[in-house]
Amino acid sequence: MPSGFPDFRLGSVLATSFTGTLSERHGTAVERIPTPHRLVDWLTVYGLAVDSCTPAQLDRARELRESIHAAATAAALQDALPASAVQVINDRSTRGRAAAVLTPEGERQWRLGPASSVEDALGVIAADAIGIIAGERDGKLALCASPTCLAAFFDTSRSRSRKWCDMNTCGNRQKKARFNAGRRGQSGSAE
């Protein structure tokens, strides 16, 4: 991966991992796909390799990302889904020409159209989002407990009680802040 760009926050759920390409939405936002080539890199990591990406395709990808985030957030809060977000997700889902194929190992893999276009990859991401938001997968949508993040994530833990979108970033940052606040409180009471 090219240096100078923030690392990707990789998860096991395609759609919510895609929304994680913009993190710290309620703090100092971190854009993890700032260029078309970075979107190509991210898609490749998730087995959706495309030949190229234009600035317009990057804009459509970001629009899908924000629509998935808005719909997943509403679903996690058990609010009505925003109509504009639903429309974008549906549009991207129906425009892709990707097909699910079965590997010899018995796993599903996506095969993009002959041109390996960004639209096909976005269709796969949108279809994954539809499955998650519609409740078709075992797990639940939740929001990160970090006040600067609040990312929607898909909790597949046994207890369905995960608090953080990513323990290595948001979880550790919050635990460290609580620890430091406790230490400050202890040193203040000793004086």
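For the structure itself, consult the block above.
A brief structural summary. In this text, all values refer to a predicted model and were calculated from it rather than measured experimentally.

A word on the environment of Ile-133
Now for step 1: Relative to the helices and strands, Ile-133 is located in helix 5 (residues 118-133).
Now for step 2: For the pair Ile-133 and Ala-15, spaced 118 residues apart in sequence, the C-alpha separation works out to 9.9 Å.
Now for step 3: Residues in contact with Ile-133, not counting those within four places in the same chain, are Ile-68, Ala-71, Ala-72, Ala-75, Leu-81, Ile-89 and Leu-141.

Observations concerning the pattern of salt bridges
Now for step 1: All told, the structure shown has 10 salt bridges when counted by the stated rule.
Now for step 2: Taking the shortest distance from any N to any O, the salt bridge between Glu-63 and Arg-92 comes out at 2.8 Å. Pair noted here: Glu-63 is in helix 3 (residues 55-76) and Arg-92 is in helix 4 (residues 83-95), with a separation of 29 residues, a long-range link.
Now for step 3: The exposure class assigned to Glu-63 is partly exposed, which follows from its relative accessible area of 37%.
Now for step 4: Residue Arg-92 is classed as buried on the basis of its relative accessible area, which comes to 8%.
Now for step 5: Arg-160 is the salt-bridge partner of Asp-138, the closest N and O atoms lying 2.6 Å from each other. Within this pair, whereas Asp-138 is found in the loop between helix 5 and strand 5 (140-143), its partner Arg-160 is found in the loop between strand 6 (152-155) and helix 6 (167-190), the two being separated by 22 residues in sequence.
Now for step 6: Take Asp-138: its relative accessible area is 64%, and that puts it in the exposed class.
Now for step 7: For Arg-160, a relative accessible area of 22% translates into the label partly exposed.

Re helix 2 (residues 36-45)
Now for step 1: Considered for burial, the residues of helix 2 that qualify are Arg-38, Leu-39, Val-40, Asp-41, Trp-42 and Leu-43.
Now for step 2: Here the buried face of helix 2 lies against helix 1 (14-19), helix 3 and helix 5.
Now for step 3: Looking one or two residues past helix 2, Gly-47 carries a phi angle of roughly 75°, positive in sign.

Quick word on the nonpolar core
Now for step 1: Counting 34 residues, the largest nonpolar core has Phe-18, Leu-39, Leu-64 and Ile-125 as the members making the most contacts within it.
Now for step 2: Looking at this core, the elements with two or more residues in it are helix 1, helix 2, helix 3, helix 4, helix 5 and strand 6.
Now for step 3: If you tally residues by element for this core, the top one is helix 5, at 8 residues.
Now for step 4: Setting aside chain neighbours within four positions, we find Phe-18 in contact with Ile-33, Leu-39, Trp-42, Ala-61, Leu-64, Arg-65, Ile-68, Leu-122 and Ile-125.

What to know about the packing of helix 3 against helix 5
The angle between the axes and the distance between the axes are what describe a pair of packed helices.
Now for step 1: Relative orientation of the contacting elements helix 3 and helix 5 amounts to 0°, with a least axis distance of 11 Å. Judged by the inter-axis angle, helix 3 sits roughly parallel to helix 5. Contacts between helix 3 and helix 5 pair Gln-57, Arg-60, Ala-61, Leu-64, Ile-68, Ala-71, Ala-72 and Ala-75 from the former with Val-118, Glu-119, Leu-122, Ile-125, Ala-126, Ala-129 and Ile-133 from the latter.
Now for step 2: Partitioning the contact of helix 3 with helix 5 into residue classes produces 12 nonpolar, 1 polar and 2 charged.

Some details on the packing of aromatic side chains
Now for step 1: If you walk through the whole model with that rule in mind, you get 2 aromatic pairs.
Now for step 2: A centroid spacing of 5.1 Å and a plane angle of 50° characterise the contact between Phe-18 and Trp-42, whose relative ring orientation is tilted. Remark: Trp-42 occurs in helix 2 and Phe-18 occurs in helix 1; sequence separation between them is 24 residues. Each member of the pair Phe-18 and Trp-42 is classed as buried.
Now for step 3: Three or more aromatic residues link up through ring pairs in this structure, and these residues are Phe-18, Trp-42 and Tyr-46.

Some points on the pairing of strand 4 (residues 108-111)
Now for step 1: Relative to strand 4, strand 3 (residues 99-102) runs antiparallel, the two being bridged by 4 bridges. Its bridge partner lying in strand 4, Ala-100 is registered against Trp-110.
Now for step 2: Taking the residues that link successive antiparallel strands as the turn, the strand 3-strand 4 hairpin has 5 residues, and the phi of Gly-106 there is positive, at about 80°.

Some words on the environment of Val-88
Now for step 1: As for its position among the elements, Val-88 is in helix 4.
Now for step 2: On the basis of relative accessible area, Val-88 is assigned to the buried category, the value being 11%.
Now for step 3: For the pair Val-88 and Glu-63, spaced 25 residues apart in sequence, the C-alpha to C-alpha distance is 7.6 Å.
Now for step 4: Non-local contacts of Val-88, meaning those with residues more than four positions away in its chain, are made with Glu-63, Leu-64 and Ser-67.

Reading the values: the criteria
- Residues numbered from 1 in each chain as written.
- Predicted model: local features only at pLDDT ≥ 70, side-chain atom pairs only at ≥ 80, totals over all residues.
- Heavy atoms only, no water.
- Helix = DSSP H or I, 4+ residues; strand = E, 2+ residues; numbered from the N terminus.
- Contact = heavy atoms within 4.5 Å.
- Salt bridge = Lys/Arg side-chain N within 4 Å of Asp/Glu carboxyl O.
- Buried < 20%, exposed > 50% of the residue type's maximum accessible area, 1.4 Å probe, protein only.
- Core = buried A, V, L, I, M, F, W, Y, C linked by side-chain atoms within 4.5 Å.
- Axes fitted to C-alpha atoms, helices over the stretch in contact; angles between N-to-C directions.
- Parallel < 35°, antiparallel > 145°, perpendicular 65-115°, else oblique.
- Nonpolar A, V, L, I, M, F, W, Y, C, P; charged D, E, K, R; others polar.
- Phe/Tyr/Trp six-rings, centres within 6.5 Å; stacked < 30°, edge-to-face > 60°.
- Pairing = 2+ DSSP bridges.

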